[in-house]
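Close look at the chain arrangement
Listed here are the chains, written in short residue letters.
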Amino acid sequence: MKVLFLIEELRKQLFTWWDCFGRHDLPWKYYSVDFITSNSKEALDGELDPYPIWIAEIMLQQTQVRVMLSYWERWMKAFPNKKVLAEARLDQVLLAWQGLGYYTRAHRLHAAAFKLKDSPWPRTLEGWMALPGIGRTTAGSILSSAFNYPFPILDGNVRRLLARLTAFDEPQVNMENYFWSLSNDLLDKERPRDFNQALMDFGALVCTPFNPTCQSCPFQKVCSAYSLGNVRRFPLKNKSKLFPVKVIGIAVILNQVGDVLIDQRLDKGLLAGMWEFPGGKQEEGELIEKTIEREVFEELAIHVEVKERLIELEHKYGQKQFRFIVHLCKWLSGDPKPLASQQVRWVSPNSLHEYPFPAANSKIIQALVEYLSLEIDHNPP
DNA sequence: CATACGTGGAC
DNA sequence: TGTCCAAGTAT
C-alpha cells in the first residue's frame, strides 16, 4: 500500500518536473508526416512515425543527443523512409554515419531496413527485437515512443537514476533484473510515451553522471544514494583494464599521376567496411619507416619509398590507445592487391570525401589536402 | 557472461 | 592530461 502510494507520488513529481524542464523539442517526436500520408491505414490516432524514432534510437545508443542531432537531420534528408534506406548502397549509408562511431549500427540499420521495407511496422517486442541492432531497451523505447505502448526501458539514464534512488549495491546481473522489473513497476501505463521520455530526460538533465543537481531534485528525500552522501558512487562501476599504447605506421602512397592509394577494411570487426590508408603495427625495435615499408608489402604486395612525415596523431578507441605516424610514400613497383582488405583503389585526393573514413583518417586527409595545396603554391604549373 | 565495438564531451 | 562517461547490442 505504501509502495503503491510512493510510486504514484513519484510519477506525479516526475511529470511535474517534465512539464517544466523536459526536452519537448526532440525532432523525431514530431516527424510523422511520412507515416500519416503514405501509410494512413497503418497509423492509428495519436501514433508517430516509427522510422525517424527508430533512426534516432539507434544513433542514441552510447551517444549523446547533441552529438547525433546533426547526423539525424542529414540522415532524414538522405534516407527519408525505410524503403529508400533499404535500397541505398551500403557505402552511402556508411558515409552518412562517418564520424558517429560504432559502425556496426549503420550496417545493422541497413540490413533491418531491407527486412522491413515491404511490411507493416512491427508492433510487438519480439517483432522489433528480431531486427538486427535492436535490443530490449531500443525496442521498448520505440514501442512506447511511436505507439504509446506500455513497455519499460532500461537505458543508461534510467539505470543511473534507479541505482541512486535504491543505492543498489549487488553484482551486475542481479542489478539488471531488478531494475527491469522496477522500471516496469514505475511505468505509467496510461502515458508510457511521456513517462519513458520523462525518465530519460530526468537522467540526462538532473540525475547526471557528473555534478547531479541534487539540490533541486524532487526525489532528494527518498534517494538512498543521497542520504548515504555518495551519489557519484552509483551505479556501481566495473573496473576497466588499460591497454598499452600501440604505434601504427601509416602510408599515404602517391603514384606518378598524383592519385593516392586507399583500402576498404574487411566487413567484420573494428571499423568494418570503412576506408583507410594502409599501415600496421610497429614491431619491437623497428624504425617506423621500416614498419610502413613492411606493412605495405605484406598487405598490398607493392614496393614504396617512404618519404617525409605528414602528420602524427594520438587516437583512442575506447580503452585501446594508438599513436598514428603517417608518412608520405612514393609508389615504386607492383600492382596493389587486397591481401588484408576487401579492395584497394587509387583515387584522386579530391574524391576522398566520397569514401567513408573513420575519424582518425579524416585528420590525415585534412593534412594531405593542406600539404598538396602547399605543393601547388610552391611549384606553380 | 565478459568483451568488442568509436567518438566527442566533461572535468 | 588522463580518466570517465554516453538513449546498448551481439556474441
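Now for a look at the structure at hand. A quick note: this is a predicted structure, and the numbers were derived from the prediction, not measured. (Residues numbered from 1 in each chain as written. Chains lettered and ligands numbered in written order. Predicted model: local features only at pLDDT ≥ 70, side-chain atom pairs only at ≥ 80, totals over all residues. Heavy atoms only, no water.)

1. As for the protein's contact with DNA strand B
For the record, the criterion: In these notes, residues near a molecule or strand are those with any non-hydrogen atom within 4 Å of it. Polar contacts, as used here, are pairs of N or O atoms within 3.5 Å; protein pairs need one atom able to donate a hydrogen and one able to accept it. Residues neighboring in sequence count only if both atoms are side-chain atoms. For the purposes of this entry, the term helix denotes a DSSP run of H or I that reaches at least four residues, the term strand denotes a run of E that reaches at least two, and both are numbered from the N terminus. Here the nonpolar group is Ala, Val, Leu, Ile, Met, Phe, Trp, Tyr, Cys and Pro; Asp, Glu, Lys and Arg are the charged ones; every other residue, Gly included, is treated as polar.
Around DNA strand B there are 21 residues in total, and Tyr103, Leu271, Tyr317, Gly318 and Ala359 lie nearest to it. Of all DNA strand B atoms lying within 4 Å of any protein atom, the proportion belonging to sugar or phosphate reaches 63%. Contact distances for DNA strand B include 3.1 Å between a phosphate oxygen and a side-chain N or O atom of histidine 315. Examining the composition of the surface near DNA strand B, we find that 3 residues originate from one element, strand 5 (residues 303-317), more than from any other. Each residue belonging to the surface near DNA strand B can be placed in one class, and the counts come to 9 nonpolar, 8 polar and 4 charged.

2. Remarks on the nonpolar core
What tends to happen in soluble globular proteins is that the nonpolar side chains get buried as a cluster. Note the following rule: As used here, the term nonpolar core means buried Ala, Val, Leu, Ile, Met, Phe, Trp, Tyr and Cys residues forming a set that is joined through side-chain atoms within 4.5 Å. Type-normalised accessible area, obtained with a 1.4 Å probe on protein chains alone, sets the label of each residue: buried when under 20%, exposed when over 50%, and partly exposed for intermediate values. In what follows, a contact means two residues having at least one pair of non-hydrogen atoms within 4.5 Å.
Counting 41 residues, the largest nonpolar core has Trp54, Trp75, Leu85 and Trp128 as its most contacted members. Elements with a contribution of two residues or more to this core: helix 3 (50-59), helix 4 (65-78), helix 5 (82-87), helix 6 (90-97), helix 7 (104-116), helix 8 (125-129) and helix 9 (136-147). The greatest single-element share of this core, amounting to 7 residues, is contributed by helix 3. Every residue in contact with tryptophan 75, bar those within four places of it in the chain, is listed here: Tyr51, Ile55, Met59, Pro80, Leu85, Val93, Ala96, Trp97 and Leu109. If you look at the next biggest cluster of nonpolar residues, it comprises 35 residues, including Ile153, Leu162, Phe202 and Cys214.

3. A closer look at the protein's contact with DNA strand C
Within the structure, DNA strand C sits among 28 residues, and Leu60, Asp155, Arg160, Lys237 and Lys316 are positioned closest to it. The protein-proximal atoms of DNA strand C, defined as those within 4 Å of the protein, are 65% sugar or phosphate. At 2.6 Å, a side-chain N or O of arginine 160 approaches a phosphate oxygen of DNA strand C. The set of elements that each furnish at least two residues to the surface near DNA strand C consists of helix 9, helix 10 (156-166) and helix 12 (192-205). Residue composition of the surface near DNA strand C, grouped by class: 10 nonpolar, 10 polar and 8 charged.

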